[in-house]
Amino acid sequence: MVTQYKNLINGEMVGTSKVLDVVNPANEEVIGQVPACGEAELNSAVSAARAAFKTWSKTPIEERRKVVQAIAGVINENNDELFRLLTAEQGKPHAQAQGEIAGAAYMAGSQATLELDDEINEDTEQRLSRTRRVPVGVVGGIVPWNFPVMMAVQKIAPALLSGCTIVLKPSPFTPLTTLRLAELIKDVAPAGVVNIITGEDSLGPLITGHPDIDKITFTGSTATGKKIMEGASKDLKRITLELGGNDASIVLPDANVEKVAEQLFWSSFTNAGQICVAAKRIYIHEDIYDELSAAIAAFAKNVKVGDGAHQGTAVGPVQNKKQYERVLELIKDAKDNGYKFLVGGEAKDDSIPGYYVPITILDNPPENARIVAEEQFGPVMPLMKFSTTDEAISRANASEYGLAGAVWTADADEGVRVAEQMETGTVWVNEFLHLSPFAPFGGHKQSGFGAEYGKEGLLEFTYPQVITVKKDNVPA
Ligand code: NAD
């Protein structure tokens, strides 16, 4: 009997007669069923969120802060149960699933410390003008399948802290851990403040178009982000969009080959490459290209791909069939074009269930190769050779995306000089994938709109309201 999961609407766990299957990508078995919500369930969730907004928006921020901290606490306390479920539905190895759950708790707990103080614009003999921050209203949160818990929590925490209420939709591929989390937080937040409903992709446009939702916070592909922007334009909903990326790493000739090889590997292959800020194009200076590419390939050959629940697995399956087929298509295209593979390139044995893609590393494919020019979002890493730093920067920037990037060098000042020329929202020098709850995270160009995290991320859930008092004009 497959486990049935319920949705959180108005403080109650509720089911629907129509359900969706959720598959474990490691073995293609159905491991749970979740409600397939439509307009009726969405309307109930939005009504609950609207009703709760009346009191929640007036609840002092110190009380709201405590609720966000309590959510962070519940996530931490239940890490052991949650990470196993997360591996089963998402595919990532246990250690990485544990990291996601702990990270979600840390990010929520840290964001809970942010302030929304009034700001004084003018305080003169004539006038006192201040800007206060008022919550936007009911938020619709839409989340992808690569970091389902982290992404859900990074929407719930700032929404609640700002005084908004939320209706959140997980990806139909990975809703289970979020629904288990819904049960755990059911009594932590007042009824209606957090609502979590599941459904197919078709539930997304209903959320975007709902007349009683005031803001959409979305993480997912650029193609869907554009549809959301279009849908939200009808009633000018506020939007925050965290979208795709094709992040470049630039390795300068003075980088320590031994030290960076393993780090570069994991900057691409963590979560089987299914990270918006994973390194998807690695530019290596020609002086160290041969040595470094050999070191990365040697490291890769000892990394085990398999079921994330099995001990020793470091890279799990691709999360779903559609993405699996897309990654295989990009590899086939590279093969058909005669590009050279340092590692991988062979197909897995089709008789073994699971969406496994062998670790794939390409040797200096051309810039216009699909596997370089497109966001692969899988365990694939193209290594490319460059001659001058300016050339590497211009190749890195030649993308419609602008999410993140990295520079690897022994000279941190030079690293910063290069970083400042990259057209992305985040650039790391000598590290990768680090996000801070106190720094804005957001894409340039077609990688996003607005930001999450930090004060800037929190303010996106608010409107500024300026109140001006003319001091020397008191009516008699
Ligand atoms: P996706 O865009 O297919 O789906 C994301 C979510 O949107 C899902 O919940 C889906 O059901 C919903 N959705 C689908 N169609 C919709 C529509 N028309 N209107 C509203 N909602 C709709 O993305 P995905 O395949 O789940 O995730 C992978 C993508 O997400 C990659 O491109 C990746 O780079 C991106 N991503 C970005 C970030 C970031 O922070 N910038 C983080 C993680 C993932």
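Residues numbered from 1 in each chain as written. Predicted model: local features only at pLDDT ≥ 70, side-chain atom pairs only at ≥ 80, totals over all residues. Heavy atoms only, no water.

**Comments concerning the sheet that holds strand β22 (residues 462-470)**
Pairing in this open sheet of 3 strands is antiparallel, and the strands run β5-β6-β22 from one edge to the other. At either end of the open sheet lies a strand with only one pairing partner, and these are β5 (119-123) and β22. Strand-to-strand twist of the sheet, defined as the mean angle between neighbouring strand axes without regard to direction, takes the value 20°. Bridge count between β5 and strand β6 (residues 127-135): 4 bridges; the pairing is antiparallel. What sits directly across from glutamate 119, in β6, is threonine 131. (Pairing = 2+ DSSP bridges. Helix = DSSP H or I, 4+ residues; strand = E, 2+ residues; numbered from the N terminus. Axes fitted to C-alpha atoms, helices over the stretch in contact; angles between N-to-C directions.)

**Some words on the packing of aromatic side chains**
The tally for this structure, following the rule as stated, stands at 7 aromatic pairs. Residues tryptophan 145 and phenylalanine 377 carry aromatic rings whose centres are separated by 5.4 Å and whose planes lie at 75° to one another, so their mutual orientation is edge-to-face. Highlighted residues: tryptophan 145 in the loop between β7 (138-142) and α5 (148-162) and phenylalanine 377 in the loop between α12 (370-373) and β16 (380-386), separated in sequence by 232 residues. Both residues of the pair, tryptophan 145 and phenylalanine 377, belong to the buried class. (Phe/Tyr/Trp six-rings, centres within 6.5 Å; stacked < 30°, edge-to-face > 60°. Buried < 20%, exposed > 50% of the residue type's maximum accessible area, 1.4 Å probe, protein only.)

**Description of the pattern of salt bridges**
Using the criterion set out here, one finds 28 salt bridges in the structure. Two residues, glutamate 63 and lysine 66, come together in a salt bridge whose shortest N-O distance is 3.6 Å. Separated by 3 residues within a single helix, glutamate 63 and lysine 66 lie in helix α2 (residues 61-77), roughly one turn from each other. For glutamate 63, a relative accessible area of 38% corresponds to the partly exposed category. Accessibility expressed as a relative area gives 52% for lysine 66, which makes it exposed. (Salt bridge = Lys/Arg side-chain N within 4 Å of Asp/Glu carboxyl O.)

**Description of the site of the ligand**
The local shell around the ligand holds 29 residues, among which Val143, Lys169, Asp201, Leu243 and Glu375 are the closest. One of the side-chain nitrogen or oxygen atoms of aspartate 201 is found 2.6 Å away from an oxygen atom of the ligand. Between the ligand and threonine 224, the relevant distance is 2.8 Å, taken from an oxygen atom to a side-chain nitrogen or oxygen of the residue. Out of a free accessible area of 840 Å², the ligand has 91% covered by protein chains. (Near = heavy atom within 4 Å. Polar contact = N/O pair within 3.5 Å; in protein donor to acceptor, adjacent residues only side chain to side chain. Areas by Shrake-Rupley, 256 points an atom, 1.4 Å probe, with all protein chains shown as cover.)

**Quick word on the packing of helix α3 (residues 79-90) against helix α4 (residues 94-111)**
Viewed as axis vectors pointing N to C, α3 and α4 meet at an angle of 125°, and their least axial separation amounts to 8 Å. Relative to α4, the element α3 is oriented oblique. The way α3 lies across α4 gives a crossing that is right-handed. Listed contacts from α4 to Asn79, Leu82, Phe83, Arg84, Leu86 and Thr87 of α3 are His94, Ala97, Gln98, Glu100, Ile101 and Ala102. (Parallel < 35°, antiparallel > 145°, perpendicular 65-115°, else oblique. Left-handed = near helix turned anticlockwise from the far one by under 90°. Contact = heavy atoms within 4.5 Å.)

**A short note on the nonpolar core**
Counting 95 residues, the largest nonpolar core has Leu160 and Leu292 as its most contacted members. For leucine 160, the residues in contact, after removing those within four places along its chain, are Trp56, Arg64, Val67, Val68, Ile71, Ile166, Val193 and Val194. Residues Ala334, Tyr339, Tyr355 and Ala369 belong to the second largest nonpolar core, which totals 28 residues. (Core = buried A, V, L, I, M, F, W, Y, C linked by side-chain atoms within 4.5 Å.)

That is the geometry; function is a separate question.
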